[in-house]
Amino acid sequence: MKMTCKNIALLAALLAVACVCEGVTFGQLCQGNPNNMRRTSDIWGQGHYGAPRGSRQHKGLDIECEDGSVVYAPFDVTLNGKVIVYTDPAKAAINDGINLQTDDLCFKLFYVRPDQTSGTVSKGQRLGVMLPMQQVYPGIKSHVHVQMCDKSDPTVYF
Ligand code: ZN
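The structure contained in this document is the topic of the report that follows. (Residues numbered from 1 in each chain as written. Predicted model: local features only at pLDDT ≥ 70, side-chain atom pairs only at ≥ 80, totals over all residues. Heavy atoms only, no water.)

### Side note on the environment of Tyr-157
Among the secondary structure elements, Tyr-157 is positioned in the segment after strand E13 (143–148). A relative accessible area of 23% places Tyr-157 in the partly exposed class. Sequence spacing of Tyr-157 and Thr-25 is 132 residues, and the spatial spacing of their C-alpha atoms is 4.6 Å. Ignoring any residue separated from it by four or fewer positions in sequence, one finds Tyr-157 in contact with Val-24, Thr-25, Phe-26, Leu-105 and Met-148. (Helix = DSSP H or I, 4+ residues; strand = E, 2+ residues; numbered from the N terminus. Buried < 20%, exposed > 50% of the residue type's maximum accessible area, 1.4 Å probe, protein only. Contact = heavy atoms within 4.5 Å.)

### With respect to the sheet that holds strand E5 (residues 61–64)
Strands sit in the order E5-E13-E9-E8-E7-E11 across an open sheet of six strands; the sheet is antiparallel. If you trace the sheet from one side to the other, it starts and ends with E5 and strand E11 (118–121), each paired once. Along the sheet, successive strands turn relative to each other by an average axial angle of 30°, direction set aside. Pairing of strand E9 (residues 106–110) with E13 involves four bridges; the strand directions are antiparallel. Among the inter-strand pairings, Leu-109 is bridged to a residue of E13, identified as Val-146. (Pairing = 2+ DSSP bridges. Axes fitted to C-alpha atoms, helices over the stretch in contact; angles between N-to-C directions.)

### Considering the nonpolar core
If you look at the biggest cluster of nonpolar residues, it comprises 35 residues, and the most contacted ones within it are Val-77, Phe-107, Leu-109 and Leu-127. Of all the elements in the fold, those that place two or more residues in this core are E5, strand E7 (77–82), strand E8 (97–101), E9, strand E12 (126–130), helix H2 (133–136) and E13. When near neighbours in sequence (up to four residues on either side) are disregarded, Phe-107 contacts Phe-26, Pro-74, Phe-75, Val-77, Ile-98, Asn-99, Leu-100, Thr-102, Val-146, Gln-147, Met-148 and Cys-149. (Core = buried A, V, L, I, M, F, W, Y, C linked by side-chain atoms within 4.5 Å.)

### Comments concerning the environment of Met-130
Looking at where Met-130 falls in the secondary structure, it is placed in strand E12. On the basis of relative accessible area, Met-130 is assigned to the buried category, the value being 3%. For the pair formed by Met-130 and Pro-114, sequence separation is 16 residues and the distance between their alpha carbons is 8.9 Å. Discounting chain neighbours no more than four positions away, the residues touching Met-130 are Cys-65, Glu-66, Asp-67, Gly-68, Ser-69, Val-71, Tyr-111, Ser-142, His-143 and Val-144.

### Some details on the environment of Val-83
Take Val-83: it is sitting in the loop between E7 and E8. Once the C-alpha coordinates of Val-83 and Pro-114 are considered, the two residues, 31 residues apart in sequence, prove to be 9.9 Å apart. Val-83 has contacts with Asn-95, Asp-96, Gly-97, Ile-98, Asn-99, Lys-108, Leu-109 and Phe-110, leaving out every residue within four places of it along the chain.

### With respect to the coordination of the zinc ion
Taken together, the protein ligands of the zinc ion are His-58 (NE2), Asp-62 (OD) and His-145 (ND1), with distances of 2.0 to 2.1 Å. One chain supplies every donor for the zinc ion, spaced along it as H-x3-D-x82-H. Residue Asp-62 is found in strand E5, and its partner His-145 is found in strand E13; the two are separated by 83 residues along the sequence. Take Asp-62: its relative accessible area is 0%, and that puts it in the buried class. On the basis of relative accessibility, which here comes to 5%, the residue His-145 falls in the buried class. (Donors = N, O, S within 2.8 Å, 3.2 Å for Na, K, Ca; no water.)

Okay, structure coming up:
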């Protein structure tokens, strides 16, 4: 194909779109973890997507976060209500989370007590606080669990 000016302009437009998609990356989620360091392995298991959970699979990605840390909005987000993580009353201390939406992504954060459950929060602003995970899973690397609404792999956005 001969590269006419029109073709070059079209190619440039396509590349610009591709770059926008590649730019969807989570900002800092947790106070004290500026690089979104992931939970690798501890006595309770592993934090990557697809890790075994008994007969099931881990459908999220775990980002380290010490109990009581402030949790930040990783993008400009709309808040879409609370997440019920567990039905087991023994895990009530960490049974909270928040549904979030951006122009590009729909995802959930588990084990976070949200300050509010509707409205919008700007990237880098406080969403809530990390719940006391050590009370329920002593010795675990406390973490925020990031799960896409369609349960696809969130790792590509980190
Ligand atoms: Zn998890």
